[in-house]
Structure formats: C-alpha cells, structure tokens
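Structure at a glance
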Amino acid sequence: MTSTTAPPPATVRAATTATYAAFIGSGFAFASWASRIPQVRDHLELDPSALGLVLLAIAAGSLVALPLSGPVVTRIGSSRTVIGMAALLGVGLATAAFGSAVSVVPVVIGLFLLGFANGAWDVAMNVQGTVVERHLGRSIMSRFHAGFSFGTVAGALLGAVMVAVHVSVAVHLAVVAVVVVAGVVWQARKFVPDHDETEPGAEELPRVSALTAWREPRTLLIGLFVLTFAFAEGVGNDWISVAAIDGYHVSPALGTLAFAGFLTAMTIGRWFGPGLLDRFGRTQVVRVLTVIGIVGVVLFVYGPSPVFMYAGTLLWGLGASLGFPVGMSAGGDDPRRAAARVSVIASIGYCAFLAGPPTIGFLGDRITVLRALIVIAVLFGLAAMIAGTVRPPRELVTAPE
C-alpha cells in the first residue's frame, strides 16, 4: 500500500491531521446549519412541503458539483479543491444566515452554494483520505468520517446552546462560516500529492475517466449502496429534530439533542469501525449495521414515548455510521482510479440528498413527518442485499474484504 517514494513520516502525519480538519470542518458547518432548521422553518413560516423544497437546494448544489469534481480534483489536486470549496461554503453559509432573517430566496441561494461547495469538497477530502491510507499502510477512512461526525456533534451541540440562549440564526451561522473557512484553508495546504507519477508501473496504468467510471457495474452498484446509507444519514440530519419536536412534542432544545444523539452514535460507529472492518470484512459488518439501523428506525417512528425515540435515534445513527465511508474506501481501492470512481459513487449517493427532503416533506403532509421516516428502514434492507459489492477486487489482497 505504500509507494517507494512515499513522503517523509512527518509530512504524512501533517496530511493526516489536515484531512481530519477537512472532515471535521465540513461536518461542523453542515450541522451548524441543520441544528437551526426548526427556527428557520418557524421564522419563515414554512410547512413540511415548503421546507422540503428549501432543503432541496443543498442537494441540487451538490449534484451540480459532483460530476465536475472528479476532473477538477484530477487536474488541480485535492488540496486546492478543498481550499476553494471551503471559501465558497463560507459564502453560502453566510448568505443563508442573512436570508434566515429576511426571506426564503437568499436562504435557497445560500444553501445551493453550500451544497455545491460541500459536494466538491466531499470528493476531494475522500480522495486525500485514500492517499493517506495508502501512505500509512492501514485502514483509517472510517475514522476520517468519524471526524466528520465529531464535527457534526460539535455543531449540533453548539446549535442547541445557541437555541437555549436565544442567539439569532444569522449571528450564529455567520460566525461559524468565518471559523470554518479560516481553519480548513490553513490545514488543507498540508495535504500530500494525490498520486505519485514515479511509482513503479504507474505509467503503465491508465487513469479512469469519469465517463469510463460511469460504465463500470461495480462502481454503479457501490454508488447505489452509498445512496441507501446517504438517505438514512441525510434524512436524519434534516428531519430528526423536526420529527422529535412535532411527533413527540418535546421542546426545541430537546429536539436538537435528539439530533446530537444521532450524530454521536454515528461518530462512535465510525471511530471503532476500522477494527471491525479489518477483522470481519466490509460486507459482514455493514449487513449487521443495516439490521441495527432498521430496529432503530422502527423504535424512533413507533416508540410509545420519547425514551424509545431517543433509543431509536442512537441505533439509527449507529446503523448508518459505516455505509458512506465503506463505499468511499471501495471506490478508492485502486488509488490511481480513485478520483473518477469516488466522483461517480458520490454523485449517485448524493441523489439521496436530492430525493430525501422532498420525499419526507411530501409524505409528511399526508402521514406526518414521523411516520414518513419508515422509508429509511426499507432502504436499509436494500443495502443489506447489495452489500457484497463493497468487497475489494481479488487482486487487492491488502484491503479487508
């Protein structure tokens, strides 16, 4: 897994820290926004369908960016891509913050920019994650995603505090935008190069273009696998606090804490995931997690009291924890093909973020948001059936199966 011309250990350690920073910053920014969705909804007087359409702007921006991100990362590298997208994300978050106090239109514009930046940033930092894995010679991808989850937990908890002390959405999100941009831009300059042209045999191994990757059956199935988990994660991010507040009649602060519990469970699953994946293999681990996720969603939707709702939130988060990072690792099994394949897989996966908000909003108008969430249990079942696609190719014997 290591190149004969690998960077010095100190450089790799710095790149590892920088990759963590990129994941944490992305999660912190996103959860900071998500933690204030109920207040934005109330201030702008949005019903579930309207809120679903507003949230759709994030997914739309991501889906525009994702097909372009593979060629962009291949051309300018993951470091420059993350730096540029961090700046754009800051602009989007600040615009949404301003709009929350004015009208829906600037919120939608800001969320589109936020989604666009997040989409390209996501591919770039995952590509860098596969590079760092290769230089370290061990599995670490899910821990980078644990860093993302840690950022979301911190963002959600800060959001709960901001709600409790009555800090406005505009002030909260504007400050977060400045902090995230400054921190991530500073760290992303320490990324290592995405590939090594001097590696033995490198000149004989053609890179896969995005168009070619779209025709690879394994890549497409991994994309579908990621989509199911992305739907479970994305809907949890967007709707858990709303469903808890409206369905179980808890206070806004306690509804935000349910969201924080979901993110905490995801963080725990991702941090301890590498040991399980190395011991039992990708397929067995994610299939067990889908069962845990199904149980969690059922408890959340049909629990007779908030206690069951909170228990379901934790199991739901744990069940959803490893699907996305495992899919990214599977796309990056061959590092020289990683940019194109990760771009395709992420593009398919992010369709869940496009479909999730309006689907839950549409169903929520008819059967309540809480009951609409049962759709996630069905998708967990689909993920279990196609989990075999994330096994690494036979020739890559160093990767866990």
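Residues numbered from 1 in each chain as written. Predicted model: local features only at pLDDT ≥ 70, side-chain atom pairs only at ≥ 80, totals over all residues. Heavy atoms only, no water.

Observations concerning unusual backbone geometry
So the rule is basically this: Under the scheme used here, helices are H or I runs from DSSP no shorter than 4 residues and strands are E runs no shorter than 2 residues, and both carry numbers assigned from the N terminus.
A positive phi angle is found at His166, which is not glycine, with a value near 65 degrees. The backbone of Thr368 shows a phi angle near 80 degrees, a positive value even though the residue is not glycine. Relative to the helices and strands, Thr368 resides in the loop between α14 (351-367) and α15 (369-372).

Some details on the packing of aromatic side chains
We apply this condition: When two rings of Phe, Tyr or Trp (its six-membered ring) have centres within 6.5 Å they constitute a pair, described as stacked for plane angles under 30 degrees, edge-to-face for angles over 60, and tilted for the intermediate range. Classification of residues uses two cut-offs on accessible area relative to the type maximum, computed with a 1.4 Å probe and protein chains only: under 20% is buried, over 50% is exposed, and between them is partly exposed. Our definition puts a charge over a ring when NZ of Lys or CZ of Arg is within 6 Å of the ring centre and also within 35 degrees of the ring normal.
Following the criterion strictly, the structure yields seven aromatic pairs and no others. Where Tyr20 meets Phe144, the ring centres are 4.8 Å apart and the plane angle is 65 degrees; that geometry is what we call edge-to-face. With Tyr20 in helix α1 (residues 9-34) and Phe144 in helix α5 (residues 141-164), this residue pair connects regions lying 124 residues apart in the sequence. Ring centres of Phe262 and Trp316 lie 5.4 Å apart, and the angle between their planes is 70 degrees; this geometry places the pair in the edge-to-face category. Highlighted residues: Phe262 in helix α9 (residues 252-280) and Trp316 in helix α11 (residues 306-319), separated in sequence by 54 residues. You'll find Phe262 and Trp316 in the same group, each marked buried. Ring-pair connections join several aromatic residues into one group, and the members of that group are Tyr248, Phe262, Phe300 and Trp316. The ring of Trp186 is capped by Lys190, whose NZ or CZ atom sits 4.5 Å from the centre of that ring. For the cation-ring pair, Arg366 lies above Phe362, with the distance from its terminal atom to the ring centre recorded as 3.8 Å.

A look at the packing of helix α2 (residues 37-44) against helix α8 (residues 217-248)
The criterion, for reference: Axis angles are defined between N-to-C directions and span 0 to 180 degrees, where every axis is a line fitted to C-alpha atoms and, for a helix, only to the segment in contact. Relative orientations are named as follows: roughly parallel for angles under 35 degrees, roughly antiparallel for angles over 145 degrees, roughly perpendicular for angles from 65 to 115 degrees, and oblique for any other angle. We call two residues in contact whenever any of their non-hydrogen atoms come within 4.5 Å of each other. Residues were grouped as follows: Ala, Val, Leu, Ile, Met, Phe, Trp, Tyr, Cys and Pro as nonpolar; Asp, Glu, Lys and Arg as charged; and all remaining residues, including Gly, as polar.
At their nearest, the axes of α2 and α8 sit 9 Å apart, and the two run at 70 degrees to each other. The angle between α2 and α8 places the two elements in the roughly perpendicular class. Contacts between α2 and α8 involve Ile37, Pro38 and Arg41 from the first element and Asp238, Ser241, Val242, Ile245 and Asp246 from the second. Taken together, the residues that form the contact of α2 with α8 break down as four nonpolar, one polar and three charged.

A look at the environment of Val307
Mapping Val307 onto the fold places it in helix α11. A relative accessible area of 64% means that Val307 is categorised as exposed. Taking C-alpha positions, Val307 is 10.0 Å from Tyr248, a pair spaced 59 residues apart along the chain.

What to know about helix α3 (residues 48-100)
To be explicit about the condition: The span you would expect from a helix comes to 1.5 Å times its residue count less one. Throughout, bend refers to the angle between the axes fitted to the seven residues that end at a position and the seven residues that start at it.
End to end, α3 covers just 17 Å across 53 residues, shorter than the expected 78 Å (1.5 Å per residue, more than 12% under). Remark: the principal bend of α3, roughly 110 degrees, maps to Gly77.

Remarks on the environment of Pro7
Within the element layout of this structure, Pro7 appears in the segment before α1. Through-space distance from the C-alpha of Pro7 to that of Leu227 is 34 Å; in sequence the pair is 220 residues apart. What Pro7 contacts, discounting residues up to four positions off in sequence, is Val12, His135 and Val192.

Focus: the side chain of Thr267
Inclusion rule: For this analysis, a polar contact is any N or O atom pair within 3.5 Å, provided that within protein one partner can donate a hydrogen and the other can accept it, and provided that sequence-adjacent residues contribute only side-chain to side-chain pairs.
Take Thr267: it is sitting in helix α9. A distance of 3.4 Å separates the side chain of Thr267 from the backbone nitrogen of Phe150, its partner in a polar contact. With near-sequence residues (within four places) excluded, Thr267 lies in contact with Ala146, Ser149, Phe150 and Val153.

Comments concerning a nonpolar patch on the surface
Formally: Each patch is built from residues that are more than 30% exposed by relative accessible area and take part in no salt bridge. Like charges join if they lie within 9 Å; nonpolar side chains (Val, Leu, Ile, Met, Phe, Trp, Tyr) join within 5 Å. Each accessible area is a Shrake-Rupley estimate made with a 1.4 Å probe; only the visible protein chains count as cover when residues are assessed. Here, a salt bridge means any side-chain nitrogen of Lys or Arg that lies within 4 Å of a carboxyl oxygen of Asp or Glu.
Residues Val64, Leu68, Val72, Ile76 and Phe112 make up a contiguous nonpolar surface patch of roughly 380 Å² in combined accessible area. Mapped onto the elements, Val72 comes out in helix α3.

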